[in-house]
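# Remarks on the overall topology
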Amino acid sequence: MTIKSCFPTLIYYDRLKKQKTLTQKLCSELLKEAYRISESDEEGIAWSQANQYVGYTSYSSIPNLHKRSSTFATLKEYLDLHVYKFVKALEYDIPPKTLEMVSCWINIVPTGGFHSLHLHLQYRDWE
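The shown structure was predicted, so the numbers you read here are calculated from the model rather than taken from an experiment.

### A look at the pattern of salt bridges
Counted according to the given criterion, the structure contains four salt bridges. For Glu29, the salt bridge identified is with Lys25, shortest N-O distance 3.7 Å. Taken together, the residues span about one helical turn, with Glu29 and Lys25 both in helix α1 (residues 20-40) at a distance of four residues. Classification of Glu29 as partly exposed rests on a relative accessible area of 32%. Between Glu33 and Arg36 there is a salt bridge, with its nearest N and O atoms 3.6 Å apart. Residue Glu33 and its partner Arg36 are both found in helix α1; the two are separated by three residues, about one turn of the helix.

### Observations concerning the side chain of Glu33
By relative accessible area, Glu33 is classed as buried at 12%. Sequence-distant contacts of Glu33, that is, excluding residues within four places in its chain, are made with Ser69, Thr71 and Phe72.

### Points about the environment of Leu79
Mapped onto the secondary structure, Leu79 falls in helix α4 (residues 70-90). We classify Leu79 as partly exposed; its relative accessible area is 34%.

### Focus on unusual backbone geometry
Of note, Gln52 is a non-glycine position whose phi angle comes to about 55 degrees, a positive value. Here Gln52 lies in the loop between α2 (42-50) and β1 (56-57). For Gln52, a relative accessible area of 71% translates into the label exposed. Positive phi values are uncommon outside glycine, yet Glu91 reaches one of about 60 degrees. Locating Glu91 in the fold gives a position in the loop between α4 and β2 (107-108).

Rules of the game
- Residues numbered from 1 in each chain as written.
- Predicted model: local features only at pLDDT ≥ 70, side-chain atom pairs only at ≥ 80, totals over all residues.
- Heavy atoms only, no water.
- Salt bridge = Lys/Arg side-chain N within 4 Å of Asp/Glu carboxyl O.
- Helix = DSSP H or I, 4+ residues; strand = E, 2+ residues; numbered from the N terminus.
- Buried < 20%, exposed > 50% of the residue type's maximum accessible area, 1.4 Å probe, protein only.
- Contact = heavy atoms within 4.5 Å.

Worth remembering: the numbers are spatial, not functional.
Here it is as C-alpha cells:
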C-alpha cells in the first residue's frame, strides 16, 4: 500500500508585527469604518436583503475596499508583507511581488446569523 500527500493544507500564522498600539489602532479603525460603510451602502444593504443574507456584505457593491479606503489599504500593506513571507517559505516558483489582492470586502454577521460555506474564485489571463 502507498500513501501520498497531495494538496496538503498549509496554514500561515503570524502576528501583524508593528507596534502593538498601531495594530490595535488599525483594528479599531477597520471596525469603525466597516460599520460606517454598512450603514451607508444602500446597494450593499439592498443586495443583502434581496439575497436573504443575515447581516450585511459589501461583496456585491464595494468589492475593492483596499482601493477606496486608506484604512483598508493599510491592512493590505500588512497582509502583503505576510504573503511575501509565506510564498518565500513555501519555495514557490513565483515572484511573490506578482501576487496581488484583487478583492476586499466587508461581511457583518450578527449573533445567531451565519455565513455559509462557499468559494470565491477569480480567474485571470496570465500572459
